[in-house]
Amino acid sequence: MSRPDRLLIVSNRLPITVRLEEGSVQVSHSSGGVATGLRGCHERSEGAWLGWPGDLARLSSAQRTELDRKLAAQRIVPVELSASEVRRYYEGFSNGVLWPLFHYLLDRIPVGASDWDTYREVNAKFADAIVAHYRPGSLVWIHDYQLMLVPGLVRERLPEARIGFFLHIPFPAPDVFRILPWREDILHGILGADLIGFHTFSYQRHFADALLHLLGLESSVDRAVVGGREVRLGVFPMGVDVESFEKLASDPGVQADADAIRRDAAGRQILLGVDRLDYTKGIPRRLLAVERLLESDPSWRDRIRFIQLAVPSRTKIEMYQGFRREVEETVGRINGAFGTVGSVPIHYLYRSVSPRRLVALYRAADAMVVTPVRDGMNLVAKEFVASRTDGDGVLVLSELAGASAELGEALLVNPYDVSGMAATLRRALTMDATERTTRMLNLRERVVAQDIHRWAGQFLEALRQCAAVAPARALRPTSPERMEDLQARLRHATRLVLLLDYDGTLVAMPSAPGLLPPDPDLIDLLAALAARPKTTVHLVSGRRRETLDRWFGPMGLVLWAEHGLWRRAGADQPWEQMASVSSEWVSRVRPMLEQYTRSTPGSLIEERSASIAWHHRMADPEYGSMQARDLRSVLGQAMSNMPVEIVEENKAIDLRPHGVTRGRIVERILKSVPRPVTIAAFGNDREDEDMFRALPSSSVAVHVGRAASKAGYRLPDHLAVRAFLAGLAGD
Ligand code: GDG
């Protein structure tokens, strides 16, 4: 059982409905999965529930005061939205763009749709409300696709907060997700959380794939490290409030209602569909499957009744109005073709019903037909099972609903295969009692064990665990105060040697070698540093001499090319080769690299005087890494007797003559530089660690980025390095 925490629950919609009755404000609880599941957690905690209360414009100021008092008593915090915000953020972006995209229904996205700006603004509004109600130690649990930027926005302002995010809808495969123009913002937003929950492992894997393909962020099965923070990914299949469904199922009034529904069917078997009237729920094809069944054998016409409860949903969105017409026309057509004077095969109800009536329908059904074309979980399927305390009834379930990952004893169908569904309906209607009971009892075991309370408890427990392991603080950037102290120390050094790596340290990491020449600001900065008294600036790079000459030729820097194989001591000095190496092996290795380049789109070869590298930064990340592993092992065998080092770099394999390392550069500098001297080295990559290792203990090593490093100081990126160096140059 979960411990009480101060819990801030954040959902787009509050779990309440505000009504006016004879001028007085009434607040009633909404029923429904998420609301029920979280209400217990909310009541046990001392926190608050934040969300949109619906339109309050019609309330007078006295009624508004009354409402505020009632909400405060329940620790409910309304996040109010204007009519235009609701239209753009909720109907426009969340339900108009994100909803169809995440359900793979791309042709449902209106052409020219955007409303992104309002989505961002409303997410910021929610973040403000969270920050205002946050106390140290609170757990924050944010829900669903309407609020995907909120975790990141809160993280910026509350770096220590424990934030959980749960996505109730599918996370699509990266090829679909990448269609969204704001995909990176959305990923960064979600990554603000410490724990990200999904209904199924497949959604979790899609999310991890999107991180890799779109942000280049590698993650293990259940975690990723983002900005030095560990973010957990987890699967938490949501359940239903089994106890309340079982209670209703055993209620004599509900049972009498179920009997009446059966009597009304006059011996016909009942097929049941219960859905919000949403195009993801697969209603049109389900109707066609019923039609196909009726066509297949005329005797079915007198033997079945299909009850479809279609609950009005998102009625203000045009797409939904059109969809409703499509469904109702199909119903009319089928009933016209197969009805008789006394009855029609499809009973279509466009309305919502009470929870009692809903359970009566679940109990009356011979087969429950749940065939969404895509659905995050689908609670209706589980509610049907929870209500069948009699151990009877057949569940026909779409394999594209998250629930199918758990409910293997259902009859699984492909919702796009109308004939297949018709055949499965026939099978459900003719299944013998023993098989029905065996399947249902197995389903019940699973649904009863993993109910809504357990779901909420497991998520919150995992969120607390995140706090226990704490972020990887050691990998965080060094505090500004310590960096200032360091700057002062370097400023006052009797003699200063700066060793500066180029790619990833002074400029961002380029996608291909040679793409990021120094900008004028960087040239000015390096010139200013070189002009400092008693300061020598060494620029260290894996690049070719020609490139460094072109970029830094006339400047007073010491240039090291090809990781130290070549040195040029000053603007008027020639290049010197620092080690005698053979490069005959390059011609042996080149064909192998060329073969991998041909079979790995986006990869390329970089050739230098005595070394060669294979880069795959622009290739597909997974395929590129796989090819790199493969190539690495091929090279290992082919080159084992040669004086060559095979160095695996970030997105590259570098082959260079034996004995050429950045550590050697440090050794050479130490041999010639007069004492006392302070050496400060800046680098971001694995080979810079060689440099750091070779430094005497009195020196300074600064790692750029978030990787593991021997360095005593850390800066987040090349911009921070430049700012630090500018402070040094400007004294
Ligand atoms: C989203 C995801 C995921 C329906 N009609 C009536 C009624 N309902 C209740 C059902 C059920 C709920 O509405 C619908 O839940 P679903 O899970 O089926 O679908 P979405 O609304 O699309 O929910 C979904 C869910 O979030 C939770 O994470 O499973 O995949 O799309 O509880 O009972 N309730 C009453 N009368 C009705 O007429 N009382």
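You'll find the structure just up there.
Keep in mind that what you see is a predicted model, and the values were worked out from it rather than measured.

Definitions and limits used
- Residues numbered from 1 in each chain as written.
- Predicted model: local features only at pLDDT ≥ 70, side-chain atom pairs only at ≥ 80, totals over all residues.
- Heavy atoms only, no water.
- Helix = DSSP H or I, 4+ residues; strand = E, 2+ residues; numbered from the N terminus.
- Buried < 20%, exposed > 50% of the residue type's maximum accessible area, 1.4 Å probe, protein only.
- Contact = heavy atoms within 4.5 Å.
- Lys, Arg positive; Asp, Glu negative; His and termini not counted.
- Charge placed at Lys NZ, Arg CZ, Asp CG, Glu CD.
- Near = heavy atom within 4 Å.
- Polar contact = N/O pair within 3.5 Å; in protein donor to acceptor, adjacent residues only side chain to side chain.
- Areas by Shrake-Rupley, 256 points an atom, 1.4 Å probe, with all protein chains shown as cover.
- Pairing = 2+ DSSP bridges.
- Salt bridge = Lys/Arg side-chain N within 4 Å of Asp/Glu carboxyl O.
- Axes fitted to C-alpha atoms, helices over the stretch in contact; angles between N-to-C directions.
- Parallel < 35°, antiparallel > 145°, perpendicular 65-115°, else oblique.
- Left-handed = near helix turned anticlockwise from the far one by under 90°.
- Nonpolar A, V, L, I, M, F, W, Y, C, P; charged D, E, K, R; others polar.
- 1 Å grid on protein atoms, 1.4 Å probe; cavity = no way out; pocket = protein on both sides within 12 Å on 5 of 7 lines; lining within 4 Å.
- Points joined across faces, edges and corners; volume = space filled by probe spheres on them.
- Domains from an automatic or database assignment.
- Core = buried A, V, L, I, M, F, W, Y, C linked by side-chain atoms within 4.5 Å.
- Expected span 1.5 Å × (residues − 1).
- Right-handed = clockwise from strand over helix to strand, strands pointing away.

Caption draft 1: Spotlight on the overall build of the chain. Across its full length, the chain holds 25 helices and 29 strands. Sorting the 731 residues of the chain into buried and exposed places 54% on the buried side. Of the contacts formed within the chain by residues at least 6 apart in sequence, a portion of 71% connects residues at least 24 apart. The averaged location of the 90 negative side-chain charges in the chain is 2 Å from the averaged location of its 92 positive side-chain charges.

Caption draft 2: Region of the structure containing the site of the ligand. The full set close to the ligand counts 20 residues, and His168, Val353, Asp375, Leu379 and Glu383 are the nearest of them. Arg276 has a polar side-chain atom sitting 2.8 Å from an oxygen atom of the ligand. Between the ligand and Lys281, the relevant distance is 3.0 Å, taken from an oxygen atom to a side-chain nitrogen or oxygen of the residue. Bound to the protein, the ligand loses 86% of the 730 Å² it would expose on its own.

Caption draft 3: Quick look at the sheet that holds strand E5 (residues 76–78). Ordered in space as E5-E4-E1-E6-E7-E8-E11-E10-E9, the nine strands form an open sheet in which the pairing is mixed. Both outer strands of the open sheet, E5 and strand E9 (219–220), are each paired with one neighbouring strand and no more. Bridge analysis of strand E1 (residues 7–13) against strand E4 (residues 48–52) gives four bridges, and the strand direction is parallel. When the bridges of E4 are listed, Leu8 appears paired with Ala48.

Caption draft 4: Representation of the pattern of salt bridges in the model. For the structure on display, the rule yields 50 salt bridges. In this structure, Arg662 and Asp688 form a salt bridge, with 2.5 Å as the shortest nitrogen-oxygen distance. With Arg662 in helix H23 (residues 662–672) and Asp688 in helix H24 (residues 686–694), the pair connects residues that are 26 residues apart, well separated along the chain. Comparing Arg662 with Asp688, the two get one shared label, buried. The network of salt bridges with shared partners includes Glu606, Arg608, Glu649, Asp654, Arg656 and Glu687.

Caption draft 5: Expanded view of the packing of helix H18 (residues 480–491) against helix H25 (residues 718–729). Contact geometry of H18 with H25 gives a least axis separation of 10 Å together with a crossing angle of 40°. One way to sum up the angle between H18 and H25 is to call them oblique. Note on packing geometry: the crossing formed by H18 with H25 is right-handed. Between H18 and H25, the residues in contact are Met483, Leu486, Gln487, Leu490 and Arg491 and Ala723, Phe724, Gly727 and Leu728, respectively. The class makeup of the residues in the contact of H18 with H25 is six nonpolar, two polar and one charged.

Caption draft 6: Broad picture of unusual backbone geometry. Across the junction of Arg675 and Pro676, the peptide omega takes the value -10°, indicating a cis bond. With respect to the helices and strands, the residue Pro676 is situated in the loop between H23 and strand E27 (678–683). At Tyr104, a residue that is not glycine, the phi angle is positive and equals roughly 65°. Tracing the backbone shows Tyr104 in the loop between helix H3 (83–102) and helix H4 (116–133). With a relative accessible area of 23%, Tyr104 lands in the partly exposed category. Phi is positive for Asp115, close to 60°, though the residue is something other than glycine. Relative to the helices and strands, Asp115 resides in the loop between H3 and H4.

Caption draft 7: The arrangement of empty space enclosed by the protein in detail. As enumerated under the stated definition, the model contains three cavities of 30 Å³ or more in all. Approximately 310 Å³ is the volume attributed to the largest cavity. Forming the walls of the largest cavity are 25 residues, and the residues nearest its centre are Asp503, Met509, His615, Glu649 and Asp685. A per-class count over the lining of the largest cavity returns six nonpolar, seven polar and 12 charged. Two domains share the lining of the largest cavity, each providing at least three of its residues, namely domain 3 (480–579 + 660–729) and domain 4 (586–657).

Caption draft 8: Just the layout of surface pockets, in detail. There is about 1900 Å³ of room inside the second largest pocket. Lining the second largest pocket we find 50 residues, and of these Gly216, Leu217, Glu218, Asn650 and Lys651 sit closest to its centre. The element best represented in the lining of the second largest pocket is helix H8 (residues 201–215), accounting for eight residues. Tallied by class, the residues present in the lining of the second largest pocket amount to 21 nonpolar, 15 polar and 14 charged.

Caption draft 9: Local environment of the nonpolar core. Grouped together as the largest cluster of nonpolar side chains are 97 residues, with contacts concentrated most on Met148, Phe171, Ile196 and Phe207. Ranked by residues supplied to this core, first place goes to H3 with eight residues. In this structure Phe171 touches Phe102, Tyr104, Phe177, Leu187, Phe198, Tyr203, His206, Phe207 and Ala210, once residues within four positions along its chain are discounted. One finds Val18, Ala365, Val380 and Ala386 within the second-largest nonpolar core, a separate group that totals 66 residues.

Caption draft 10: Expanded view of the environment of Glu435. Structurally, the position occupied by Glu435 is in helix H16 (residues 433–449). Taking the C-alpha atoms as reference points, Glu435 and Pro170, 265 residues apart in sequence, are found 31 Å from one another. At 3.2 Å, the side chain of Glu435 forms a polar contact with the side chain of Arg427.

Caption draft 11: Representation of the side chain of Ser398 in the model. Note that Ser398 resides in strand E16 (residues 394–398). The exposure class of Ser398 is buried, given its relative accessible area of 0%. Within the structure, the side chain of Ser398 is placed 2.8 Å from the backbone oxygen of Pro372, a separation counted as a polar contact. A distance of 2.9 Å separates a polar atom in the side chain of Ser398 from the backbone nitrogen of Leu400. When sequence neighbours within four positions are dropped, the list of residues in contact with Ser398 reads Val370, Thr371, Pro372, Ser404, Val413 and Pro415.

Caption draft 12: Quick peek at H25. The end-to-end C-alpha separation of H25 is 16 Å, in line with the 16 Å expected for 12 residues at 1.5 Å each. The complete set of buried residues in H25 reads His718, Ala720, Val721, Arg722, Phe724, Leu725, Leu728 and Ala729. Taken together, the buried residues of H25 touch H18, strand E18 (496–501), helix H19 (520–531), E27, strand E28 (700–704) and strand E29 (713–715).

Caption draft 13: Focus on helix H14 (residues 379–387). Judged by how many residues are buried, H14 sits mostly within the fold: nine of nine residues are covered. Those residues of H14 that fall on the buried side of the exposure criterion are Leu379, Val380, Ala381, Lys382, Glu383, Phe384, Val385, Ala386 and Ser387. Its side-chain oxygen 3.0 Å from the backbone nitrogen of Val380, Asn378 forms the N-cap of H14.

Caption draft 14: A look at the pairing of strand E20 (residues 558–561). With burial as the criterion, each face of E20 is covered, one bearing Val558 and Trp560 and the other bearing Leu559 and Ala561. Two strands pair when backbone bridges link them, and strand E19 (residues 535–540) and E20 are joined in this way by three bridges, in the parallel orientation. Each residue of the ladder has a partner; that of Val540, found in E20, is Trp560. What joins E19 to E20 is helix H20 (residues 545–552), and the crossover it makes is right-handed. Looking at chain direction, E20 and strand E21 (residues 566–568) are connected through three bridges and run antiparallel. When the bridges of E21 are listed, Leu559 appears paired with Arg568. Connecting E20 to the antiparallel partner E21 that follows it, the hairpin turn spans four residues, and Glu562 within it adopts a positive phi of roughly 50°.

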